[in-house]
Amino acid sequence: NKAVQLHLSGKLSEAITAYKEALETNNTLAEAHSNLGLIYNQQHNYAQALSEFRKALAINPKDAITYNGIGAALRAEHDLPGAIKNWQTAVTLDAKLATAHYNLGTAYEIQKDYDKSMASYRLAVKNDYRLGEAYYRMGLIMERKNRSEEAAEQFKEALKVSGDSEYSEDARQRLVFLQGKRSKTQ
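A quick note: this is a predicted structure, and the numbers were derived from the prediction, not measured. (Residues numbered from 1 in each chain as written. Predicted model: local features only at pLDDT ≥ 70, side-chain atom pairs only at ≥ 80, totals over all residues. Heavy atoms only, no water.)

Peer 1: In this structure, what is going on with the packing of aromatic side chains? I would like to understand it.
Peer 2: By convention here, two paired aromatic rings are described through the distance between centres and the angle between planes. The full count for this structure, using the stated rule, is three aromatic pairs. Consider the rings of Tyr-136 and Phe-155, whose centres lie 5.9 Å apart with planes at 50 degrees: the pair is tilted. Of the two residues, Tyr-136 sits in helix α9 (residues 132-144) while Phe-155 sits in helix α10 (residues 148-162), which places them 19 residues apart along the sequence. Where Tyr-136 meets Tyr-167, the ring centres are 5.0 Å apart and the plane angle is 25 degrees; that geometry is what we call stacked. A residue pair is termed long-range when its members are at least 10 positions apart, and Tyr-136 in helix α9 and Tyr-167 in the loop between α10 and α11 (168-185) qualify at 31 residues. Here Tyr-136 and Tyr-167 have matching classes, each one buried. Every member of this aromatic cluster is reached through a ring pair, and the members are Tyr-136, Phe-155 and Tyr-167. (Phe/Tyr/Trp six-rings, centres within 6.5 Å; stacked < 30°, edge-to-face > 60°. Helix = DSSP H or I, 4+ residues; strand = E, 2+ residues; numbered from the N terminus. Buried < 20%, exposed > 50% of the residue type's maximum accessible area, 1.4 Å probe, protein only.)

Written as structure tokens, this is what we have:
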């Protein structure tokens, strides 16, 4: 519990120490291994993250969050097919894991498979409406497909959910452009 609190409050070095202490007492705590993996991902230490995730899966092979973490580490290491496989496993194990659906959407978008990407983003926001970036990404795809009204709706939703995110200014500009474009055609 102490390790989780430290982790959630952003005290990553202290959390690592606390997780390791817990694992010294009981090395079969899958969640501790998985949480260490998540911290190592945040620190861009992907080899160490993958090591901890594998330890977690050896104890609990059905943990969707661990598969999601592995996918993130593999994507960072430029193994997109491996990342996709792990994210697919994550959503198979937990169909409501919105971040795994979002991650799958980004991977499919990189592969220019926009239909699969849209389906994944829709599942992401269905399971967590607060994922503003998923709405933003859907807006970009709709804009790419020349579906201006649908793009505008997605950008509006992104701004409604998280209007002060790093993509917000771009969403606002795209929305103004799309609305100007629509008024010219009317």
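Peer 1: What is the right way to read the layout of surface pockets from this model?
Peer 2: Rolling a probe over the atoms, with the probe sized like a water molecule, indicates the empty space that remains. The space that makes up the largest pocket amounts to roughly 370 Å³. Contributing elements (two or more residues each) for the lining of the largest pocket: α3 (30-42), α5 (64-76) and α7 (98-110). Counting residues per element, the lining of the largest pocket draws most heavily on α5, which supplies five residues. Counted by class, the lining of the largest pocket contains seven nonpolar, six polar and one charged residues. (1 Å grid on protein atoms, 1.4 Å probe; cavity = no way out; pocket = protein on both sides within 12 Å on 5 of 7 lines; lining within 4 Å. Points joined across faces, edges and corners; volume = space filled by probe spheres on them. Nonpolar A, V, L, I, M, F, W, Y, C, P; charged D, E, K, R; others polar.)

Peer 1: For this particular structure, what's the right way to read the environment of Lys-145?
Peer 2: Along the chain, Lys-145 falls in the loop between α9 and α10. Each C-alpha atom of the pair Lys-145 and Tyr-108 lies 16 Å from the other, and the pair is 37 residues apart in sequence. Leave out the neighbours within four places in its chain, and Lys-145 touches Tyr-114 and Asp-115. (Contact = heavy atoms within 4.5 Å.)

Peer 1: Quick question: what am I supposed to make of the nonpolar core here?
Peer 2: In terms of nonpolar packing, the biggest core is built from 33 residues, with Tyr-19, Leu-36, Ile-39, Ile-70, Ile-84, Ala-90 and Leu-104 touching the most fellow members. Broken down by secondary-structure element, the contributors of at least two residues to this core are α1 (2-8), α2 (12-25), α3, α4 (46-59), α5, α6 (80-93) and α7. Core analysis: the next-biggest nonpolar cluster, separate from the first, contains 22 residues, Tyr-102, Met-118, Ile-141 and Ala-151 among them. (Core = buried A, V, L, I, M, F, W, Y, C linked by side-chain atoms within 4.5 Å.)

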